[in-house]
Amino acid sequence: MLQLTFWEVEDEVNQANLLRFPDSEGNTALHFGAKNGNFKICNFIIKKAQEFVHNNLGSQEDMIALLNFRNHRGFTPLLCVSFRGYHVIGKKDRAINHRKRIIQALLDAGAEANKTRQETNMTAMHWLAHNNDPDAIRVLLDSGKADHLILSHDENLPIDIAGTTPSLELSL
């Protein structure tokens with residue numbers, strides 16, 4: 001089976017298609033970058049997608065669709081980075097910083113802050129509260145795009161979830 005890296009594909013139209021082509025589980029490259037807390041990958045994909053829009057190889061609607069694309073489990077890239085709550089042993093501060101930067105980049109590019117996973121009706125803010133990440137919650141709140149009054153499937157606000165998470169220091 002022939003496999004090419006992104007940089008080996010010389011045609012910009014095909015590069016644009018690679019960015020939005022999902023795998024068998026519905027994950028795009030942006031989902032993978034977000035799931036793994038890789039700011040460089042996420043930022044590269046966002047910048048490349050913006051470049052394609054600028055060069056008329058895609059529309060702004062295509063860009064928004066990429067940012068808000070749901071995988072087969074119902075997660076957008078923003079939900080992925082918020083849900084994971086990843087911490088590499090000994091690198092917690094770095095992981096938190098990358099998560100904040102990914103969230104900011106996604107929001108700046110046009111990701112919808114209040115998208116929910118249908119089964120749980122939980123937003124990125126709910127997941128960040130669950131994962132004890134008040135700094136990332138602050139990024140969402142400061143964006144002015146996130147609604148902290150959305151109820152989850154079990155009628156919890158993000159602050160309710162924060163109250164059940166050990167040692168969360170969150171003030172709205």
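*Asks:* Quick question: what am I supposed to make of the overall build of the protein chain here?
*Replies:* Per the secondary structure count, the protein chain includes 9 helices and 0 strands. When its helices and strands are written in sequence order, the protein chain yields α-α-α-α-α-α-α-α-α. Per-residue burial over the protein chain gives 46% buried out of 172 residues. Nonlocal contacts in the protein chain, meaning residues at least 24 apart in sequence, comprise 66% of its contacts between residues at least 6 apart. In the structure as shown, the protein chain presents an accessible area of about 9,500 Å², 51% of it carried by carbon and sulfur atoms.

*Asks:* I'm lost on the pattern of salt bridges in this one. Help?
*Replies:* Applying the stated criterion across every chain, the model contains 5 salt bridges. As a salt-bridge pair, Glu119 and Arg117 come within 3.6 Å of each other at their nearest N and O atoms. Looking at Glu119, the relative accessible area reads 52%, which means it is exposed. Taking the relative accessible area as the measure of exposure, Arg117 reaches 14% and is therefore buried.

*Asks:* For this particular structure, what's the right way to read unusual backbone geometry?
*Replies:* One non-glycine residue, Asn121, lies in positive phi territory at about 55°. Mapping Asn121 onto the fold places it in the loop between α6 (92-109) and α7 (124-130). For Asn121, a relative accessible area of 28% puts it in the partly exposed group. Positive phi, close to 65°, is recorded for Glu155, a residue that is not glycine. Locating Glu155 in the fold gives a position in the loop between α8 (134-143) and α9 (158-163). Given the relative accessible area of 60%, Glu155 is considered exposed.

*Asks:* Please explain the nonpolar core as it appears in this structure.
*Replies:* Counting 40 residues, the largest nonpolar core has Leu30, Ile46, Leu67, Ile103, Leu106 and Leu140 as the members making the most contacts within it. At the level of secondary structure, the elements contributing two or more residues to this core comprise α2 (29-35), α3 (39-54), α4 (60-67), α5 (77-84), α6, α7, α8 and α9. A total of 7 residues in this core trace back to one element, the largest contributor, which is α3. Non-local contacts of Leu30, meaning those with residues more than four positions away in its chain, are made with Cys42, Ile45, Ile46, Leu66, Leu67, Pro77 and Leu106.

*Asks:* Hey, could you run me through α8 in this one?
*Replies:* Given 3.6 residues per helical turn, the α-helix brings residues three or four places apart onto the same face. Taken as a whole, α8 has its buried residues at Ala136, Ile137, Val139, Leu140 and Leu141. The secondary structure elements touched by the buried residues of α8 are α6 and α7. Positive backbone phi, at 75°, marks Gly144, one or two positions downstream of α8.

Calculation criteria
Residues numbered from 1 in each chain as written. Predicted model: local features only at pLDDT ≥ 70, side-chain atom pairs only at ≥ 80, totals over all residues. Heavy atoms only, no water. Helix = DSSP H or I, 4+ residues; strand = E, 2+ residues; numbered from the N terminus. Buried < 20%, exposed > 50% of the residue type's maximum accessible area, 1.4 Å probe, protein only. Contact = heavy atoms within 4.5 Å. Areas by Shrake-Rupley, 256 points an atom, 1.4 Å probe, with all protein chains shown as cover. Salt bridge = Lys/Arg side-chain N within 4 Å of Asp/Glu carboxyl O. Core = buried A, V, L, I, M, F, W, Y, C linked by side-chain atoms within 4.5 Å.

Purely spatial values, then, with no claim about function.
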